[in-house]
Amino acid sequence: MRDVTPVYRLGLDVGGTNLRLGVFSDLRLIEETRFEANYSAICKQHSPAQAWQKIIAVTAEAIQPLLEKYPAIQSIGIGFPGFIDPHTGILAQSPNLPGLLNVNLGHDLGARLGFNIRVENDANAAAFGEFSLLGQPAGGLLYLGLGTGVGAGLVVNGHVWAGQHGYALEAGHIIVEHQGRLCGCGNHGCVEQYASATGISKGYAELTGQTRSALEIALAAEQGDEHARAVYADVGRKLAQMLASVLKVVDVGTVLIGGGVVAAWSLMSEAFYQRLEADLIPVLRGKIVVHLSRSGDIAGMLGAALLAESTTRSA
Ligand SMILES: [Zn+2]
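Residues numbered from 1 in each chain as written. Predicted model: local features only at pLDDT ≥ 70, side-chain atom pairs only at ≥ 80, totals over all residues. Heavy atoms only, no water.

In the nomenclature of an unreviewed UniProt entry, the protein chain is known as ROK family protein of Methylophilus glucosoxydans. Quoted verbatim from the Sequence similarities (unreviewed entry) heading of the UniProt record, the comment on the protein chain is "Belongs to the ROK (NagC/XylR) family." (UniProt positions renumbered as here; feature names shortened; annotations may be inferred.)

This is the structure:
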């Protein structure tokens, strides 16, 4: 008789406020839960050592009910914002979670839950999730995530390419404006300061003196606000400028753009394609296929779950 025992995998997508947990059977989402983990607040309110213990406790508390409900969960993977050593899983630093230095989430959480847990950079996890949902394109995939910041991930030969130290594809910090806006990384003019939700708000404030969210600016653009339209066109141009630079290095034919900002794609696409074609080396022109994410934002959880496939219950 065929063994029909289901195999489930759990994937976590860690944000500054929300923790999202997805139970997957292959590529199918069985159940998603959201947990207000408030990692950012925990990091601000406690010493680094105390904050770390709280983060482990809160994360374990979020996972435990799903492990009880789905005993068939075989592996746990986590997409985490920050610089993660691809060999040891040690988080060297997380720019949005200050104070967390050289901690090992997979080890510390795994010891508590009885699992081997794999932790990946969140953009790498999303890249792998989207790569899988697109049917694993043979030439690989370059992923760009436009959210609060700009993340990127690269999948080649079926594997995430994280670089020697886990810092590859920091494409959000490619400089697209000489002496431009100051970035959290210390440089000026990084694309993240323009093509992210926060960058869009900054662009609109510079032109009008008004503070609006990226979504409000998109609605204003659709109603004919010229400043709002100019901001989104500039996002399209700067994104394409960065992408053309990356493609000159990695030559991947399939690009996928995800993240909340993509909802306003129609406001930036014309400027984006014009600039992309102009900036690419001529032999690559017309050869780049750009997809917009259709995953409904589950790619981060899915990728984390799939990347943990090789790890299993340790107890
Ligand atoms: Zn930067």
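Now that the structure is up, let's keep going.
**Student:** With reference to specific residues and values, describe the packing of helix α5 (residues 197-208) against helix α7 (residues 226-250).
**Tutor:** The geometry of α5 relative to α7 is characterised by a closest axis approach of 9 Å and an angle of 135 degrees between their N-to-C directions. Classed by the angle they form, the pair α5 and α7 counts as oblique. The way α5 lies across α7 gives a crossing that is right-handed. On α7, the residues that touch Ile200, Gly203, Tyr204, Leu207 and Thr208 of α5 are His227, Ala228, Ala230, Val231, Tyr232 and Val235. For the contact of α5 with α7, the per-class residue count stands at eight nonpolar, three polar and no charged. (Axes fitted to C-alpha atoms, helices over the stretch in contact; angles between N-to-C directions. Helix = DSSP H or I, 4+ residues; strand = E, 2+ residues; numbered from the N terminus. Parallel < 35°, antiparallel > 145°, perpendicular 65-115°, else oblique. Left-handed = near helix turned anticlockwise from the far one by under 90°. Contact = heavy atoms within 4.5 Å. Nonpolar A, V, L, I, M, F, W, Y, C, P; charged D, E, K, R; others polar.)

**Student:** Outline the nonpolar core, supporting the account with residue identities and numerical values.
**Tutor:** Counting 46 residues, the largest nonpolar core has Leu142, Tyr232, Leu239, Met242, Ile257 and Phe272 as the members making the most contacts within it. Looking at this core, the elements that each hand over two or more residues are β9 (141-146), β10 (150-156), α5, α6 (214-222), α7, β12 (254-258) and α8 (269-279). For this core, the element with the most residues is α7, which contributes eleven residues. Setting aside its immediate chain neighbours within four residues, Phe272 contacts Gly236, Arg237, Leu239, Ala240, Leu243, Ile257, Trp265 and Val290. Residues Trp52, Ile78, Ile84 and Leu100 belong to the second largest nonpolar core, which totals 38 residues. (Core = buried A, V, L, I, M, F, W, Y, C linked by side-chain atoms within 4.5 Å. Buried < 20%, exposed > 50% of the residue type's maximum accessible area, 1.4 Å probe, protein only.)

**Student:** Please set out unusual backbone geometry residue by residue, giving values where relevant.
**Tutor:** Although it is not a glycine, Asn157 adopts a positive phi angle of roughly 50 degrees. Within the element layout of this structure, Asn157 appears in the loop between β10 and β11 (159-160).

**Student:** So what about the coordination of the zinc ion? Which residues, and what values?
**Tutor:** Ligation of the zinc ion by protein atoms is provided by His173 (ND1), Cys183 (SG), Cys185 (SG) and Cys190 (SG), these donors lying 2.0 to 2.3 Å from the ion. Seen from the zinc ion, its four donor atoms lie at angles of 103 to 121 degrees, and the figure they make is tetrahedral. All donors of the zinc ion belong to a single chain; written as a sequence motif, their spacing is H-x9-C-x1-C-x4-C. In this pair, His173 is assigned in the loop between β11 and α5 and Cys190 in the loop between β11 and α5, connecting sequence segments 17 residues apart. For His173, a relative accessible area of 25% gives the class partly exposed. (Donors = N, O, S within 2.8 Å, 3.2 Å for Na, K, Ca; no water. Tetrahedral: all angles 85-135°; square planar, octahedral: opposite > 155°, others 65-115°.)

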